[in-house]
Amino acid sequence: MSFSWHTKGTNQDPKSKVGLNKKNESARTRMEVCKALQHIIEGGRTIDWIRAEKSQWISTPLHRELLYGTTRHYLSLQQAVTELLKKPLRDKDRDLFQLLIVGAYQLKYTGIASYAIINESVNACIVLGKPWARGLVNAVLRQLQRSAEAAQTEKPKDVGSEQDLALTNASSDHPAWLQEKLASQYPNRWQALVIANNQRAPMTLRINSTKVEPAFYKAKLREDDISFTETKMVETVVLDAAQNAETLPSWLAGEVAVQDLSAQLAANTLMALLPPHIAEPSILDACAAPGGKLFHLHERLSARFKTHQLFALDNKQKRLNETKIIGTRLGHSKDPRLTMLCADATKEDCCGDLQFDGILLDAPCSGSGTIRRNPDIRLLLKADHLAAHQDLQLQLLHNLWHRLKDGGTLLYSTCSIFEEENDQVIKKFVEAQVDATRVSLQLKYGSATSLGWQLLPTEKNTDGFYYAGLAKAEKT
Ligand SMILES: C[S@@+](CC[C@H](N)C(=O)[O-])C[C@H]1O[C@@H](n2cnc3c(N)ncnc32)[C@H](O)[C@@H]1O
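Just so it is clear, the structure is predicted and the values come from calculations on it, not from any experiment. (Residues numbered from 1 in each chain as written. Predicted model: local features only at pLDDT ≥ 70, side-chain atom pairs only at ≥ 80, totals over all residues. Heavy atoms only, no water.)

### Digging into the overall build of the protein chain
Basically, it comes down to this: Secondary structure counts use DSSP, requiring at least four H or I residues in a row for a helix and at least two E residues in a row for a strand, with both numbered from the N terminus. A radius of gyration in this sense is built from C-alpha atoms; the matching globule rule multiplies 2.2 Å by the number of residues raised to 0.38. Only protein chains enter the accessibility calculation, which uses a 1.4 Å probe; a residue whose area is less than 20% of its type maximum is buried, one above 50% is exposed, and one in between is partly exposed. Accessible areas in this description were obtained via Shrake-Rupley with a 1.4 Å probe; residue shielding takes into account the shown protein chains only.
Within the protein chain one finds 18 helices and 13 strands. For 476 residues, the compact-globule formula gives about 23 Å, and the C-alpha radius of gyration of the protein chain, at 25 Å, lands near that figure. Viewed in the frame of its principal axes, the protein chain has a C-alpha envelope of about 85 × 45 × 45 Å. A buried classification covers 53% of the 476 residues belonging to the protein chain. A total of about 22000 Å² of accessible surface is found on the protein chain, and carbon and sulfur atoms cover 51% of it.

As structure tokens, this is what we get:
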């Protein structure tokens, strides 16, 4: 197929003729998503960075649908678009490539009428200040539309071939190294993991038991016709359909938080590991921001102890500020039992001379267990990052160990499914630290590994997550 790279009669000033009026709203959204994609693909930025620094590019449901969808399927869409371009676009026109990716995503994965997708993509060329590219965008997307229509008519005949198709599609959205790694560490399950990584993550709620009885809150959900599934934890429910958190009952009153089920296991697990005789525990959450596990822990501690001290440490003040805002909504930030500290947890003086009965180390990691929730990870994570993560995880463990009282317990967690960040870290740590012993865990979801506990995104409603318990010997 041949393209016309220039459209006749388009050498006018596009913005003065068309203007960024309401009609152009969705073209502008498209342009902003293209910019966000460029920051991810070419600038190595994460979606979280875009949310924090360029929030206008991710501000509406349409922005989010397009950005998450395109990053999830970027690798296969990139291939399809590249094959249709007669020659690569110039560096300064990479925004057009992203525009084609957005259009290709909608054609393949949304039920929107193809003429509307193509028209809006063509209009977005004007918003991008590149009206000459309208012919090119029109031609490539029409070609993709024809391929999508042809694929529709060749639907698989049986369930077996449907699964094969799901695997083929999901595989084409994974970089080769990632798929090989999954296959080598999960020889019997890698196919299911690859498929799970391409699905949308469920929306899970944690009911704030310091504000409301879980049963009352569940009644409020039912009253609002919000259907949900109960879990093995009384304060945790999974919504049958995701919705804007702010539209949940009593959201502003702080009766509920959004938090994945796997992450909600942290607080209860650390609680179960605390020495039984303890009356007023002093606990450190060493990598605390934005506070998901911190506030859950605070809620569980408040339910069990008359008083406690909970310290939230993180090395990024900006993230601690966000944590404080979240804590304010939940009614926790002004609680004198909760203290925030900004410091580097690899440094000896990170907590002054404080010592703790329990430490939660929710370590920075690859996030490989959360690829369906953070689809940009598949594009940004590289195989050699795992060694750097492991180095930092071990540094954090060794340093924080000195802050743990004799007889105390440390719960190590990551949202990774790779052994480099999980069992290997625990093995190296226990070998090097003579007063550390491993504590066996028995969680409500997931299964045991040789040294810890692993949850996988293939299990119903959980992200991939790892936990390991470590106990510090009492001095004799
Ligand atoms: C996995 S996130 C923590 C998520 C949090 N526990 C929650 O449940 O919401 C890891 C955190 O570790 C922090 N971090 C990374 N390196 C650190 C260091 N050297 N010292 C302290 N915090 C660090 C990051 O800023 C990030 O907020």
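Further notes follow.
### Things to note about the domain arrangement of the protein chain
Operational definition: What marks off one domain from the next here is an automatic or database domain assignment. Contacts are assigned to residue pairs that have any heavy atoms within 4.5 Å of one another. Put simply, buried area is the surface a 1.4 Å probe can reach on two separate parts but cannot reach once they are joined, added for both.
Per the domain assignment, the segments making up the protein chain are domain 1 (14–153), domain 2 (159–197), domain 3 (204–258) and domain 4 (272–472). With seven residues of domain 1 at the contact, the number on the domain 2 side is five residues. Of the roughly 390 Å² buried at the junction of domain 1 and domain 2 (both faces included), carbon and sulfur atoms supply 43%. The three residues of domain 1 that bury the most area against domain 2 are Arg72, Leu75 and Ser76, which together make up 76% of that side's buried surface.

### Thoughts on the environment of Leu455
The topology assignment puts Leu455 in strand E12 (residues 453–455). Taking the C-alpha atoms as reference points, Leu455 and Arg378, separated by 77 residues in sequence, lie 19 Å from one another. Ignoring anything within four residues of it in the chain, the contact list for Leu455 reads Ser262, Leu265, Ile417, Tyr445, Gly446, Thr462, Asp463, Gly464, Phe465 and Tyr467.

### Let's talk about the site of the ligand
Definition in use: Here a residue is near a molecule or strand as soon as one of its heavy atoms is found within 4 Å of it. Contacts described as polar in this section are N or O atom pairs within 3.5 Å, which, within protein, must combine one atom able to donate a hydrogen with one able to accept it, while residues neighboring in sequence count only if both atoms come from side chains.
Surveying the vicinity of the ligand reveals 19 residues, the closest of which are Lys293, Asp314, Arg319, Asp344 and Asp362. Contact distances for the ligand include 3.0 Å between a nitrogen atom and a backbone N or O atom of Cys287. Here Asp344 contributes a side-chain N or O atom positioned 2.9 Å from a nitrogen atom of the ligand. Notes on the ligand: free accessible area 600 Å², of which the protein chains cover 88%.

### Examining the environment of Leu265
When you line up the elements, Leu265 lands in helix H13 (residues 265–273). Residues Leu265 and Ile118, 147 residues apart in the sequence, show an inter-C-alpha distance of 45 Å. Not counting chain neighbours up to four residues away, the residues in contact with Leu265 comprise Met233, Leu443, Tyr445, Leu455 and Tyr467.

### Structural notes on the layout of surface pockets
Put simply, the rule reads: Cavities and pockets were defined on a 1 Å grid built from protein atoms only: a cavity is a group of points that admits a 1.4 Å probe but offers it no way out, a pocket is an open group of points flanked by protein on both sides within 12 Å along at least five of seven lines, and a lining residue is one with an atom within 4 Å of any such point. Grid points are joined across faces, edges and corners, and a volume is the space filled by probe spheres set on the points. Residue classes follow a fixed rule: Ala, Val, Leu, Ile, Met, Phe, Trp, Tyr, Cys and Pro count as nonpolar, while Asp, Glu, Lys and Arg count as charged, and any other residue, Gly among them, counts as polar.
Considered as a void within the structure, the second largest pocket measures approximately 960 Å³ in volume. Lining the second largest pocket are 31 residues; nearest its centre among them are Lys108, Ser147, Ala148, Ala151 and Asn169. Among the secondary structure elements, those contributing two or more residues to the lining of the second largest pocket are helix H5 (74–84), helix H6 (94–109), helix H7 (114–127), helix H8 (134–153) and helix H9 (159–171). Top element by residues in the lining of the second largest pocket is H8. It accounts for seven residues. Classifying every residue of the lining of the second largest pocket by side-chain character gives 14 nonpolar, eleven polar and six charged. The residue makeup of the lining of the second largest pocket includes at least three contributed by each of domain 1 (14–153) and domain 2 (159–197).

### Points about the packing of aromatic side chains
Just so we agree on the cut-off: Pairing of aromatic side chains requires ring centres within 6.5 Å, counting the rings of Phe and Tyr and the six-membered ring of Trp. Pairs whose planes differ by under 30 degrees are stacked, by over 60 edge-to-face, and all others tilted. Any Lys NZ or Arg CZ found within 6 Å of a ring centre and within 35 degrees of that ring's normal is scored as a charge over the ring.
Throughout the structure, instances matching the rule amount to five aromatic pairs. Centre to centre, the rings of Phe311 and Phe356 are 5.6 Å apart; their planes meet at 65°, and the pair counts as edge-to-face. On the criterion of sequence distance, the pair formed by Phe311 in strand E6 (residues 309–314) and Phe356 in strand E8 (residues 356–362) is long-range, its members being 45 residues apart. For Phe311, a relative accessible area of 10% translates into the label buried. Where Phe465 meets Tyr467, the ring centres are 5.3 Å apart and the plane angle is 25°; that geometry is what we call stacked. Tyr467 shares its class with Phe465; the two are buried. Directly above the ring of Phe97 sits Arg94, whose terminal nitrogen or CZ lies 4.7 Å from the centroid. Above the face of the Tyr445 ring, Lys232 is positioned so that its terminal group lies 4.5 Å from the ring centre.

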